[in-house]
Amino acid sequence: MKIVAADVNVTSPDRNFVTLKITTDEGITGLGDGTLNGRELSVASYLADHVVPLLIGRDPHRIEDTWQFLYRSAYWRRGPVTMAAIAAVDVALWDIKAKAAGMPLYQLLGGASRAGIMAYGHASGRDLPELFDSIRRHLDEGFRSIRVQTSVPGINAVYGVAAQTSVDGKRYDYEPAQRTALPVEEDWDTRAYLRHLPTVFEAVRNEFGPELPLLHDGHHRMTPIQAAKLGKALEPYDLFWLEDCTPAENQEALRLVRQHTTTPLAIGEVFNTVWDYQTLIREQLIDYVRSAVTHTGGITAMRKLLDFAAQYQIKSGIHGPTDISPVGMAAALHLDLAIHNFGIQEYMKHGPLTDEVFRQSFTFTDGYLHPGEQPGLGVELDEEAAARFPYQPAYLPFNRLQDGTVHDW
């Protein structure tokens, strides 16, 4: 079997997506997700201009060899653009291999290790009544674990809070990357956030009891000592995890956080290789790996990363918001189902236009996801539908402090 074509599709139904379609001489096709929120065209160009010419004529079954070739032959390694492009190729090749075998992909990864994949939903509100309504709505939808995000008094717009008005006067619910020519500026005050958040979790626990698993995303906004302070303040409310409490490029910073709190820590949605995790995993400074299959070199690399984490009793928490396409989401679910050290899966439902472009077989029932039993990933791209939604520039917001300093968003 040989690769005879590889096509890059950029479409924007509910948001921008980059999809690689690889075709073999036997007519088998595979899809890979190369979406990089706010930098989609960089990956599309990297794929079309530099990767696709290297794929023609290759044996699609040689997945490991192709991964190593694309990673090492470029010489300039790592980085989100490169790793998203490699991920798109890798996932498409796994899709082809599983279709050729006539099996759902998880069967080629060792078969199912569980019956279903526990997912968490994203509840938020501008005040406690709105937050409580959002939690109840997610529970009614079947979610058994809930991420809690809340507005902070005095801050105009806060990451993760649905239905709030941002500074450009628009609402964002599921997709904070707004279709504007330039990134939207938002404000931030860490001290106000640190004062307010524990009171929110106290109220949520009082309302919903001790059993409901609760999560929270700090979105890289705290220094290590601020993160340690928040983790300690949240200990009475028994969080499932505190995510991205501080920028973790400086992996040693998590030592300070770990010294001061027993709140479980999840890190890594902006990471793209195992090298970003070496210290964090080896010294057991985190509890959950948050990388996305789409941004971390695909299934091949993520499986190795999670096997490394398993040696230290660290579990998976694969990134899965709406800027991961249904193709990337399906890849995550097949991996989730197969690995032993699964923890939890982030899940945000895509909009109806996205569901029209990407035909999916995975299901969500009673709080559990399953990738389905179709051969391959179980996702197909409707190219005619995709063509109706051309790319539109869109950027994530950014933060400034009260004095005008640019801050982590």
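This text follows the structure it describes.
Read on for a plain summary of the structure. (Residues numbered from 1 in each chain as written. Predicted model: local features only at pLDDT ≥ 70, side-chain atom pairs only at ≥ 80, totals over all residues. Heavy atoms only, no water.)

Considerations on the pattern of salt bridges
Filter applied, for reference: Basic side-chain nitrogens of Lys or Arg form a salt bridge, by our definition, when they fall within 4 Å of a carboxyl oxygen of Asp or Glu. Helix numbering and strand numbering both begin at the N terminus, where a helix is a DSSP run of H or I of at least 4 residues and a strand a DSSP run of E of at least 2. Categorising residues by exposure relies on relative accessible area from a 1.4 Å probe, with only protein chains included: less than 20% of the type maximum marks a residue as buried, more than 50% marks it as exposed, and the intermediate range marks it as partly exposed.
One pass over the structure, following the stated rule, counts 21 salt bridges. Asp217 is paired through a salt bridge with Arg147; the nearest N and O atoms lie 3.6 Å apart. In this pair, Asp217 sits in strand E7 (residues 214-217) while Arg147 sits in strand E5 (residues 145-150), placing the two residues 70 residues apart along the sequence. There is no split in this pair, since Asp217 and Arg147 are both buried. The salt bridge partner of Arg290 is Glu346, with a shortest N-O separation of 2.8 Å. Taken as a pair, Arg290 in the loop between strand E10 (288-289) and helix H10 (298-310) and Glu346 in strand E12 (residues 345-346) lie far apart in primary sequence, 56 residues in all.

Here's the deal with the environment of Gln313
Following the sequence through the fold, Gln313 ends up in the loop between H10 and strand E11 (315-316). Spatially, the C-alpha atoms of Gln313 and Asp287 are 7.8 Å apart, while their sequence positions differ by 26 residues.

Considerations on helix H8 (residues 253-260)
Short version of the rule: Think of the arc as the fan of directions from the helix axis to the C-beta atoms. Contacts between residues were defined by any pair of non-hydrogen atoms, one from each residue, lying within 4.5 Å.
Listing the buried residues of H8 in full gives Ala253, Leu254 and Val257. One side of H8 holds all its buried residues, which, seen down the axis, span an arc of 90 degrees. Where H8 is buried, its residues touch helix H7 (224-233), strand E9 (265-267) and helix H9 (278-282).

Side note on the layout of surface pockets
Operational definition: Cavity: a set of points on a 1 Å grid over the protein atoms alone where a 1.4 Å probe fits but cannot get out. Pocket: an open set with protein on both sides within 12 Å along at least five of seven lines, its lining residues, like those of a cavity, having an atom within 4 Å of a point. Grid points are joined across faces, edges and corners, and a volume is the space filled by probe spheres set on the points. Amino acids outside the nonpolar list (Ala, Val, Leu, Ile, Met, Phe, Trp, Tyr, Cys, Pro) and the charged list (Asp, Glu, Lys, Arg) are all regarded as polar, and Gly is one of them.
As a volume, the largest pocket reaches approximately 1200 Å³. Around the largest pocket, the lining is made up of 45 residues, and of these His219, Glu269, Asp323, Leu396 and Trp409 lie nearest the centre. Those elements that provide at least two residues to the lining of the largest pocket are strand E4 (117-125) and helix H5 (128-140). Broken down by element, the residue count for the lining of the largest pocket peaks at four residues, all from H5. Considering only residue class, the lining of the largest pocket consists of 20 nonpolar, 13 polar and 12 charged.

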